Every structure is written in structure tokens, then in C-alpha cells.
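Letter by letter, the chains look like this.
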Amino acid sequence: YESKVKHLTYSILCRRSAPLGPMPNEDIDFKNLESLEKYRSYTRYLKKAEEAKNTPAWWKTYRQYQEQEDPGHDVERANIGLPHCRPSRVKEARERKRVVKENRRSIELERAMRLRTFKVSLDRVQAGWEETSGPYHVQRLADHYGIFKDLFPMAYFYPRFTLCVSYGQDSPAQVHYGNHLTPTEAAVAPQVSFEAEEGSIWTLLLTSPDEHLLDSEGEYVHWLVGNIPGGAVTSGEELCPYLAPIPAKGTGFHRYVYILFRQEETIDFHEDIRPLPCVSLSERSFKTVEFYRKHQDSMTPAGLSFFQSQWDQSVTHTFHNILDMKEPVFEFERPPVYHPPQVKYPHGQPLRYLDRYRDGQEHTYGIY
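Rules used throughout
Residues numbered from 1 in each chain as written. Predicted model: local features only at pLDDT ≥ 70, side-chain atom pairs only at ≥ 80, totals over all residues. Heavy atoms only, no water. UniProt positions renumbered as here; feature names shortened; annotations may be inferred. Helix = DSSP H or I, 4+ residues; strand = E, 2+ residues; numbered from the N terminus. Rg over C-alpha atoms; globule rule 2.2 N^0.38 Å. Buried < 20%, exposed > 50% of the residue type's maximum accessible area, 1.4 Å probe, protein only. Contact = heavy atoms within 4.5 Å. Areas by Shrake-Rupley, 256 points an atom, 1.4 Å probe, with all protein chains shown as cover. Lys, Arg positive; Asp, Glu negative; His and termini not counted. Charge placed at Lys NZ, Arg CZ, Asp CG, Glu CD. 1 Å grid on protein atoms, 1.4 Å probe; cavity = no way out; pocket = protein on both sides within 12 Å on 5 of 7 lines; lining within 4 Å. Points joined across faces, edges and corners; volume = space filled by probe spheres on them. Patch = residues over 30% accessible without salt bridge, like charges linked within 9 Å, V, L, I, M, F, W, Y side chains within 5 Å. Salt bridge = Lys/Arg side-chain N within 4 Å of Asp/Glu carboxyl O. Pairing = 2+ DSSP bridges. Axes fitted to C-alpha atoms, helices over the stretch in contact; angles between N-to-C directions. Phe/Tyr/Trp six-rings, centres within 6.5 Å; stacked < 30°, edge-to-face > 60°. Lys NZ or Arg CZ within 6 Å of the ring centre and 35° of its normal. Core = buried A, V, L, I, M, F, W, Y, C linked by side-chain atoms within 4.5 Å. Polar contact = N/O pair within 3.5 Å; in protein donor to acceptor, adjacent residues only side chain to side chain.

- The protein chain appears in an unreviewed UniProt entry as Large ribosomal subunit protein mL38 from Oncorhynchus mykiss.
- Taken from UniProt, the Sequence similarities (unreviewed entry) comment for the protein chain reads in full: "Belongs to the phosphatidylethanolamine-binding protein family. Mitochondrion-specific ribosomal protein mL38 subfamily."
- The Subcellular location (unreviewed entry) field of the UniProt record for the protein chain holds the comment "Mitochondrion".

## Examining the overall build of the protein chain
Next, step 1: On a plain count of helices and strands, the protein chain comes out with 10 helices and 12 strands.
Next, step 2: Over its C-alpha atoms the protein chain spans a radius of gyration of 32 Å, topping by over 25% the 21 Å that the globule rule assigns to 368 residues.
Next, step 3: Structurally, the protein chain occupies a C-alpha span of about 90 × 75 × 55 Å along its principal axes.
Next, step 4: Within the span of the protein chain, comprising 368 residues, buried residues form 31% of the whole.
Next, step 5: A sequence separation of at least 24 residues applies to 69% of the contacts in the protein chain between residues at least 6 apart.
Next, step 6: Entry remark: accessible area of the protein chain is about 26,700 Å², with carbon and sulfur atoms responsible for 53%.
Next, step 7: Of the charged side chains in the protein chain, 46 are positive and 51 negative; the average position of the first set lies 13 Å away from that of the second.

## Observations regarding empty space enclosed by the protein
Next, step 1: All chains considered together, the criterion is met by one cavity of 30 Å³ or more.
Next, step 2: Estimated volume of the largest cavity: approximately 70 Å³.
Next, step 3: Forming the boundary of the largest cavity are Trp 129, Glu 130, Gly 134, Pro 135, Val 138, Pro 159, Arg 160, Phe 161, Thr 162, Tyr 177 and Leu 304.
Next, step 4: Counting only elements with at least two residues in the lining of the largest cavity, the list comes to helix H6 (122-131) and helix H7 (134-144).

## Some thoughts on a nonpolar patch on the surface
Next, step 1: Together, Met 113, Phe 118, Val 120, Leu 122 and Val 125 give the surface a local cluster of nonpolar side chains, amounting to about 520 Å² of exposed area.
Next, step 2: What makes Val 120 exposed here is its relative accessible area of 55%.

## Re the sheet that holds strand E4 (residues 173-175)
The strands making up a sheet associate through backbone hydrogen bonding, with each pair oriented either parallel or antiparallel.
Next, step 1: Sheet architecture is open: three strands sit in the order E4-E3-E6, paired in antiparallel fashion. Bordering the open sheet on either side are E4 and strand E6 (191-193), each of which pairs with just one other strand. For this sheet the average axis-to-axis angle between neighbouring strands, irrespective of direction, equals 20 degrees.
Next, step 2: Pairing between strand E3 (residues 164-167) and E6: three bridges, direction antiparallel. Note on E6: the bridge partner recorded for Cys 164 is Ser 193.

## Considering the packing of aromatic side chains
Next, step 1: The full count for this structure, using the stated rule, is 20 aromatic pairs.
Next, step 2: Taken together, a centroid distance of 5.3 Å and an interplanar angle of 75 degrees make the contact between Tyr 39 and Tyr 45 edge-to-face.
Next, step 3: On the numbers, 5.7 Å between centres and 90 degrees between planes, the contact of Trp 223 with Tyr 242 is edge-to-face. You can see Trp 223 sitting in strand E8 (residues 219-229) and its partner Tyr 242 sitting in the loop between strand E9 (237-240) and strand E10 (254-263), a full 19 residues away along the chain. Each member of the pair, Trp 223 as well as Tyr 242, carries the same accessibility label: buried.
Next, step 4: Cation over ring: Lys 60 sits above Tyr 65, and NZ or CZ is 5.5 Å from the ring centre.
Next, step 5: Just above the ring of Trp 311 sits the side chain of Lys 249; from NZ or CZ to the centre is 4.7 Å.

## Digging into the nonpolar core
Next, step 1: Residues Phe 152, Ile 259, Phe 261 and Leu 304 are the most contacted members of the largest nonpolar core, which totals 28 residues.
Next, step 2: Going through the elements one at a time, H7, helix H8 (147-151), strand E2 (155-156), E8, E9, E10, helix H9 (288-295) and strand E12 (299-309) are the ones with two or more residues in this core.
Next, step 3: Other than its neighbours up to four places away in sequence, Phe 152 contacts Ile 80, Ile 147, Phe 157, Ile 259, Phe 261, Thr 288 and Tyr 292.
Next, step 4: Membership of the second largest hydrophobic core comes to 24 residues, among which are Val 165, Tyr 167, Leu 204 and Trp 223.

## So, helix H5 (residues 107-114)
Next, step 1: Capping the start of H5 is the job of one residue whose side-chain oxygen sits 3.2 Å from the backbone nitrogen of Leu 109: Ser 106.
Next, step 2: One or two positions beyond H5, positive phi appears at Arg 116, with a value near 60 degrees.

## Remarks on the environment of Tyr 357
Next, step 1: Within the secondary structure, Tyr 357 is located in the segment after helix H10 (313-322).
Next, step 2: By relative accessible area, Tyr 357 is classed as buried at 9%.
Next, step 3: In this structure, the C-alpha to C-alpha distance between Tyr 357 and Arg 293, residues 64 residues apart in sequence, is 62 Å.

## Notes on a positive patch on the surface
Next, step 1: A cluster of like positive charges, contributed by Lys 91, Arg 94, Lys 97, Lys 101 and Arg 105, occupies part of the molecular surface.
Next, step 2: Looking at the element boundaries, Arg 105 is found in helix H4 (residues 89-105).
Next, step 3: Under the relative-accessibility criterion, Arg 105 is labelled exposed at 69%.

Structural data, given as C-alpha cells:
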């Protein structure tokens, strides 16, 4: 009787229901492929492929199922950055030809290449990268680290201006695009520089989307300077004083993002000023998207750089002496190791089988 029940269950599970419609390539006779009509040209094949693509099918694709579950997953994001005025391709080609001709006529360059003494200027390479493909690479990096997803939902921008952020004087620690810096290295406000036109006005923001202890979607603003004339950050209006990174112990790496906004005019930031000395985390609660929406008619994001940091001993000092609060510590509670119930006659088990149950409360068989 038991064998019959097992056979019946197996037959029910293995039974396949009929498809809801014709399957792809169902009308093809695979035993006689020579009888199939040949396309004879790529144009004819492309035409047939377009017809098959536009023919409605009874099944759903993965994209259609995804759209059904989340209708807004494939919505196009808005570019909120500065417009890019690319020079004429004809001018670029002429300039490239001119440089090639000059290099071919240069005797010193030919001699250096022949003797293998030619040196490439890394500063010129960096400057060329920043002017051409740099903003697009930085935008892809920011997407990879989830910067735009957390700070500007459904939006992005290409950083047209390069931010140079360095901590320390003797051996400065540079902020690039996702590199690691310790809270000790970033304990004091950095030196920030960027190329700015005379008479331009800027806003500089440092925020962390990973630090907030109460709101998973909130941020803590670490530095905010507005109405910066030209590139002189020290001459700007400090809306929120600098605070060192405070990644809580046990929470891993946190992201710290510098965003540079270009202002169209001088902005009245009286609603965004934090009371001094601003040593309360509740006063530093912040959301970049709300700040941008409030001033989006007068400012545009133009620069971006970010680094990652995790806990070290200076974080404890910041919590206790600057923020005057207890330091939050997060620990992972590992579940106890699972052992199946002990068997009196463990066939096929290793020789150390009984060692698993020596400290257990249940009765064990033959501890020796």
C-alpha cells in the first residue's frame, strides 16, 4: 500500500499541465531541417525577426512581470545637473590633426621615443580625463555606490566641476571616489578647492546617508557652507559647523559625500542655519533631496566626491566629548550552533561524533 501511495504522489507531481498557447518553434520539424526555407540574405532575416518581435504572444517576459510587480522600476531618471556644451566634432578633428602634425615634426619627441626616454605628464592626462570622460565615469561610480539612489531619488547629475578635498597638512589624505579614510584622518575640516569663475557663488555640503540612528532614510549633515564667493570656501557662510565622521561600532563602512552646488544668485539660508555649536544629532538631521527641492530654482549640483569610513577610537572621543552622549555599539548575536538530536547508534558518522554532545544537557550515550 505504501509503495502505491508513493507511486501515485510521484506521478501527480511529475504531471505537466498543458501550455496556455502555442510554444515557440512548435511548427518546426527538427527531424527534417533541410526542408526549412532559407533566408538567403541578412535583410530578409531582419525583416522576419522584426515581424516575430511585433507579433503578440500569450506569455509574459521577465520585464513584463517586473513592470507588473513594480510599475515604477523602469521610469527614466531626471538629469538635474549642469548642461554640457560639447564643442563641434569638426573642431575636435582639426585640433587632433594639428597636434598629430606637430608631434610628427618634433625632433625632440622623435628622439625621446626612439631612446625610450619619453615621459608622460600625469597632470595632463588627469586634466584631459576631467574635461572629456571624467564626469561620466564619476556618475557611474556614484551609481555603483548608491549615492544618487539615497540622496536624489529618481535623479542624477554629471559632476562637471572637480572637487579637490584633502585632510591634513603634512601628509594630506585625499578624498576621491569611494576611497577609505579613517575618522582620525578626517577629524578636522579639510581644505577644499575647485575651479570657479570670478563672481560665481557656490554651496558645499558634506552628508552621510548611512549614519542616522533613528531614521533609515535620514542623514546627518556634517558640514554645510553656503554663498561661497568664487572658490574661497573659508569666505562662505557656514550654515552648519564641521563634524568628524561618526560611524557607529559594528556597522561597517559608511559613505560620506561632498556635493558642490552652483548658485544662480545669493540665497537666504536663514531656515537652514543650525544653532551653534550644533553638538546634538537631532539638530543635524538632514535630507539632501528636501534641501535641494527647497532651493532648486537657485542652485544646481555641479561637483561630487565621496569617501568611506569605519569605526576607530576617535569615534568614541567624538561621542563622549563633543556630542556628550553615550556611544552606540552594535554587535552581531550569532545563533547557537545547531546539532541534530543524538543517535544511540550513529552509523556512518566520524569518530569525533560524540564531541558535539559532551556539553549538552540532554542525555548522551557512552561518553568516554
